[in-house]
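Read off the chains here:
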Amino acid sequence: MSMHPFDDTIALAKQPDGHWLGHTSPAYANMVGPFGGVMAAQALHAVLLHPDRLGDPISLTINFCAALADGAFCVQARAVRTNRSTQHWLLEVVQADQTVLTATVVTAVRRSAFNLVECAMPTVTAPADTAPTQGKVRMEWLNRYEQRFVSGGIPVALDGRDLGDSLSQLWMRDAPPRALDFASLTALSDIFFPRIIRRRASPTPVGTLSMTVYFHTDQAALREVGTGYLLGQAQGQAFSDGFFDQTAQVWSEAGKLLVTTHQIVYFKA
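Residues numbered from 1 in each chain as written. Predicted model: local features only at pLDDT ≥ 70, side-chain atom pairs only at ≥ 80, totals over all residues. Heavy atoms only, no water.

Undergrad: When you look at the sheet that holds strand S8 (residues 168–174) in this model, what are you seeing that I'm missing?
TA: Backbone hydrogen bonds hold the strands of a sheet together, and the pairing may be parallel or antiparallel. What the twelve strands build is an open sheet, ordered S1-S2-S4-S5-S6-S3-S9-S12-S11-S10-S8-S7; its pairing is antiparallel. Only two strands of the sheet have a single neighbouring strand rather than two, namely strand S1 (13–14) and strand S7 (145–151). Pairing analysis gives two bridges linking S1 to strand S2 (residues 20–23), with the strands arranged antiparallel. Of the residues in S2, the one forming a bridge with Ala13 is Leu21. Relative to strand S3 (residues 56–64), helix H2 (residues 36–48) is tilted by about 130°, and along the sheet it contacts S2, S3, strand S4 (72–82), strand S5 (86–95), strand S6 (98–108) and strand S9 (206–215). (Pairing = 2+ DSSP bridges. Helix = DSSP H or I, 4+ residues; strand = E, 2+ residues; numbered from the N terminus. Contact = heavy atoms within 4.5 Å. Axes fitted to C-alpha atoms, helices over the stretch in contact; angles between N-to-C directions.)

Undergrad: Could you clarify how one ought to interpret the packing of aromatic side chains in this entry?
TA: The description of an aromatic ring pair uses the distance of the two centres, along with the angle that the planes make with each other. Applying the stated criterion to the full structure yields ten aromatic pairs. Residues Phe6 and Tyr28 carry aromatic rings whose centres are separated by 6.1 Å and whose planes lie at 75° to one another, so their mutual orientation is edge-to-face. Here Phe6, found in helix H1 (residues 5–10), pairs with Tyr28, found in the loop between S2 and H2; they are 22 residues apart in sequence, far enough to count as distant. The two residues Phe6 and Tyr28 agree in class, both being buried. Counting every residue linked through ring pairs, the aromatic cluster contains Phe6, Tyr28, Phe35, Trp141 and Tyr145. (Phe/Tyr/Trp six-rings, centres within 6.5 Å; stacked < 30°, edge-to-face > 60°. Buried < 20%, exposed > 50% of the residue type's maximum accessible area, 1.4 Å probe, protein only.)

Undergrad: Any chance you could explain the pairing of S4 here in plain terms?
TA: Every other side chain in a regular strand lies on the same face of the sheet, so the side chains alternate between the two faces. Sheet topology note: the S2/S4 ladder contains four bridges and is antiparallel. From the neighbouring strand, Leu21 faces S4, where its bridge partner is Cys74. In terms of strand pairing, S4 meets S5 through eight bridges, oriented antiparallel. Each bridged residue has a counterpart across the sheet, and for Arg81 the counterpart in S5 is His88. Counted along the chain from S4 to the antiparallel partner S5, the turn is three residues long.

Undergrad: I keep staring at empty space enclosed by the protein and nothing clicks. Help me out?
TA: A probe as big as a water molecule, rolled over the atoms, marks out the empty space that is left. Counted by the stated rule, this structure contains two cavities of 30 Å³ or more. Looking at the lining of the largest cavity element by element, the count peaks at three residues for S8. Approximately 30 Å³ is the volume attributed to the second largest cavity. As for the second largest cavity, its lining consists of Ser189, Phe192, Gln246, Thr247, Ala248, Thr261, His262 and Gln263. Counting residues per element, the ones that place at least two in the lining of the second largest cavity are strand S11 (243–252) and strand S12 (257–267). Across the lining of the second largest cavity, the residue classes tally to two nonpolar, six polar and no charged. (1 Å grid on protein atoms, 1.4 Å probe; cavity = no way out; pocket = protein on both sides within 12 Å on 5 of 7 lines; lining within 4 Å. Points joined across faces, edges and corners; volume = space filled by probe spheres on them. Nonpolar A, V, L, I, M, F, W, Y, C, P; charged D, E, K, R; others polar.)

Undergrad: Would you mind going over the nonpolar core with me for this structure?
TA: If you look at the biggest cluster of nonpolar residues, it comprises 54 residues, and the most contacted ones within it are Phe6, Leu91, Leu101, Tyr145, Leu185 and Leu230. In terms of nonpolar packing, the next biggest core, distinct from the first, is built from six residues, Phe193, Ile197, Phe244 and Val265 among them. (Core = buried A, V, L, I, M, F, W, Y, C linked by side-chain atoms within 4.5 Å.)

Undergrad: I keep staring at the pairing of S3 and nothing clicks. Help me out?
TA: Summarising the sheet, S3 and S6 pair through eight bridges and their orientation is antiparallel. Across the sheet, residue Asn63 finds its bridge partner in S6, namely Thr102. Direction of pairing for S3 relative to S9: antiparallel, over a ladder of five bridges. Its bridge partner lying in S9, Leu60 is registered against Val213.

These figures come from the coordinates and say nothing about function on their own.
Below is the structure:
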């Protein structure tokens, strides 16, 4: 069986000095460099592969320092503190002796405790009743995902109109379908197009500076999702002096909240 393009893209080779060697892939190419979500997944993968890892990821913060050029790069992952239930990691992605990405990851052993989710999954049409986005797109990475917008799709006419809000809801999954795990869930958490484009219907230059993903799930719950659809919801909160933030939530079809995420994005008006 051939390897899924996502697995081929995030593959890392352990080096004698303890670092990991990775390569970019044209399958996830963005307008400049690779899709940020797959960069985040590659960084997290270095922790997931580490033999000293304790538990599963509960948070990931990625800072995009510069665009990653096509070719090889090095991932440095170091556990800086291990406690009884939590472990703290520092990561750096280096290319041509320059830092292009920094990150922190917290992993933890989950224990039985009080459980409650206030962020309820919205009532929307089922994936089968929601039309998929059609046709090839300019950015190759978008062809690696199936997207079915319930509301708030990319504006058809980029004419500068104020559309009233920046809310989008969509069903999504890898294309071709792939069983969900922490790495692919990380990439899917960054699938939402920039909220400034939804709000202003304008082709605005943008770039994510920092993104944090909080995981509210474990391996068993991800196995239950399998290759099923996820419901994503994203909305901007404040657009101010060349920067805006957007927040998002991701649920399984069964209504389990898997991820909440937040990012700060640069834009040029």
